[in-house]
Amino acid sequence: VDVDKTLPPLVTIKSPENNADMADAAVKVQFSVRTPADAPVTATRAYIDGRPVGNARRIQEVASGTDTETAQTLDVTLPARDCELSIIAENKHGASAPAMVKVHWKGKTVVDITKPKLYVLSIGVSKYKNPDYTLEYAAKDATDFAAALKSQSGKLYRDVEVRLLTDDQAGKDGVLDGLEWIQKQTTSRDVAMIFLSGHGVRDGSGDYYYVPYNFDIEKKRSTGVLFYEIEKTIKDIAGKTLFFVDTCHSGAAGGKTRGIEPDIVSIVNELSSAENGAIVFCASTGKEYALEDAKWGHGAFTTALLEGLSGKADLKGDGRVTVASLDYFLSERVKELTGGSQHPTTTKPPSVPDFPIAIVK
């Protein structure tokens, strides 16, 4: 198939202009969407600093050669601060590149001293219904991650609400319920974190599944959690979203492995794409297995993650652990722990700015 027959839409923002000064929070964004005639636009979304807002309304269509160009408007409420506004459209071929403009706030500054609320969904399975899948530290990883973030209550966050699912609590229904819970609870002012530890597996079609407690490898579709469910949840979460994934683990001396097929690069890239907007921290990259060892009591990735959140990722010494500083710390610490055999990776949409995720003073 020719590439020009499978093009996603092309979005152009007409108003406001890039670097526009805004004094009114209510703004009518005007933009056009060009798409192949046989692939009409199926969805249009606006984003503020990488997270979705508002609803689009089509107002006219203009034929242009073999393509269709649609003029649209979208009512968006801006925050009382400088921000980046982006528009993404989708058709049957995929999502457009984000059209982005920077907006400078010149209106009345409202000092908001209310801290955000943090919602944490932490999932890890070590003891499976099928004992052949048994792991050592996945459940402990999830438990200790939840505890580390719970300690942030009253510091960076006004409150931290945790849903912890381990072993038989993390059956398929429990995982799906947890995903629905975090999507419904998180508002645009909040932060959501999802931690996933255990097995991952692909089917013959290339679809990737998280392996819950009651997984049956002969019935992947009915017993596994398709990563589409996680992607859909992340796409619909209103607040800042971070996803920590550790589903391809192996023992340092040839022990258990988390994942039959370790390469989940395509999944990570999809979750962190501009239209999904998640910041994804992954235990390893490419076809590497992630290591775990009894001397750590965790996988190498979770060991470094807990150390980083406790303060070791406060690289500037200002009492804050940010996305960027945690990324750097994880890459160096995991390499140190594993003798250079494991390389965690962090992917972040370009429209999402760096921000603090933990306070350590």
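Parameters and conventions
Residues numbered from 1 in each chain as written. Predicted model: local features only at pLDDT ≥ 70, side-chain atom pairs only at ≥ 80, totals over all residues. Heavy atoms only, no water. Salt bridge = Lys/Arg side-chain N within 4 Å of Asp/Glu carboxyl O. Helix = DSSP H or I, 4+ residues; strand = E, 2+ residues; numbered from the N terminus. Buried < 20%, exposed > 50% of the residue type's maximum accessible area, 1.4 Å probe, protein only. Axes fitted to C-alpha atoms, helices over the stretch in contact; angles between N-to-C directions. Parallel < 35°, antiparallel > 145°, perpendicular 65-115°, else oblique. Contact = heavy atoms within 4.5 Å. Nonpolar A, V, L, I, M, F, W, Y, C, P; charged D, E, K, R; others polar. pLDDT = per-residue confidence, 0-100. Pairing = 2+ DSSP bridges. Core = buried A, V, L, I, M, F, W, Y, C linked by side-chain atoms within 4.5 Å. 1 Å grid on protein atoms, 1.4 Å probe; cavity = no way out; pocket = protein on both sides within 12 Å on 5 of 7 lines; lining within 4 Å. Points joined across faces, edges and corners; volume = space filled by probe spheres on them.

Turning to the pattern of salt bridges, a few remarks are in order. Summed over the entire model, instances satisfying the criterion amount to 14 salt bridges. The closest approach of N and O atoms between Arg81 and Asp49, which form a salt bridge, is 2.6 Å. In this pair, Arg81 is assigned in the loop between strand 7 (67-77) and strand 8 (83-91) and Asp49 in the loop between strand 4 (43-48) and strand 5 (51-53), connecting sequence segments 32 residues apart. Between Asp236 and Lys232 there is a salt bridge, with its nearest N and O atoms 3.5 Å apart. Separated by four residues within a single helix, Asp236 and Lys232 lie in helix 4 (residues 227-236), roughly one turn from each other. Exposure remark for Lys232: the relative accessible area of 41% places this residue in the partly exposed category. Through salt bridges that share partners, Arg45, Lys232 and Asp236 make up one connected network.

Turning our attention to the packing of helix 2 (residues 172-185) against helix 4. Put simply, helix 2 and helix 4 touch, their axes get as near as 9 Å, and they point 10° apart. With respect to helix 4, the axis of helix 2 lies roughly parallel. Contacts between helix 2 and helix 4 involve Leu176, Leu179, Ile182 and Gln183 on the former and, on the latter, Glu229, Ile230, Thr233 and Asp236. Of the residues that constitute the contact of helix 2 with helix 4, the class distribution is four nonpolar, two polar and two charged.

Bringing the environment of Val41 into the picture now. Examined against the element boundaries, Val41 turns out to sit in the loop between strand 3 (26-36) and strand 4. Note on Val41: relative accessible area 15%, which makes it buried. Put simply, Val41 and Ala95 are 54 residues apart on the chain and 9.6 Å apart in space, counted from C-alpha to C-alpha.

Bringing the confidence of the model for the chain into the picture now. When pLDDT is averaged across the chain, the result is 85; 86% of the residues are at 70 or more. Summarising per-element confidence for the chain, the mean pLDDT is lowest in strand 18 (residues 249-251) (37) and highest in strand 12 (residues 159-166) (98). Counting contacts from residues 55-65, a segment whose pLDDT is below 50, to residues more than four positions away or on other chains yields 24 contacts.

Taken in spatial order, the three strands of this open sheet run 14-15-16, and their pairing is antiparallel. Two strands bound the open sheet, and with one partner strand each, they are strand 14 (200-202) and strand 16 (225-226). Note: strand 14 against strand 15 (residues 208-210), three bridges, orientation antiparallel. Each residue of the ladder has a partner; that of Arg202, found in strand 15, is Tyr208.

Attention now goes to the nonpolar core. Met193, Leu242, Leu326 and Ile357 are the most contacted members of the largest nonpolar core, which totals 36 residues. Tallying contributions element by element places helix 7 (residues 323-337) first for this core, with six residues. Excluding residues within four positions of it along the chain, Met193 makes contact with Leu118, Tyr119, Val120, Leu121, Phe145, Leu149, Tyr157, Ile182, Leu242, Phe244 and Ile357. Counting 33 residues, the second-largest nonpolar core is a separate cluster that includes Val125, Val175, Ala192 and Val225.

Glancing now at empty space enclosed by the protein. By the definition in use, this model includes one cavity of 30 Å³ or more. By volume, the largest cavity is sized at about 40 Å³. As for the largest cavity, its lining consists of Asp49, Arg51, Lys240, Thr241, Gly277, Ile279, Val352 and Phe355. Broken down by class, the residue content of the lining of the largest cavity amounts to three nonpolar, two polar and three charged.

Moving on, we come to the layout of surface pockets. Over the atoms, a rolling probe the size of a water molecule traces out where space has been left empty. Empty space within the largest pocket amounts to approximately 1,000 Å³. Forming the boundary of the largest pocket are 30 residues, of which Pro79, Arg81, Ser188, Arg189 and Lys240 lie nearest the centre. For the lining of the largest pocket, the elements supplying multiple residues, two or more each, are strand 5 and strand 7. A total of three residues in the lining of the largest pocket trace back to one element, the largest contributor, which is strand 5.

Spatial strand order, 12-11-13-17-19-23: six strands in an open sheet with mixed pairing. Lying at the two open borders of the sheet, with one neighbouring strand each, are strand 12 and strand 23 (345-347). In this sheet, neighbouring strand axes are inclined to one another by 10° on average, regardless of whether the strands run parallel or antiparallel. Bridge count between strand 11 (residues 117-124) and strand 12: eight bridges; the pairing is parallel. Paired with Ser122 across the strands is Leu164, a residue of strand 12. Packing against the sheet, helix 6 (residues 300-312) makes contact with strand 13 (191-197), strand 17 (240-246) and strand 19 (279-282), and its axis sits at approximately 140° to strand 17.

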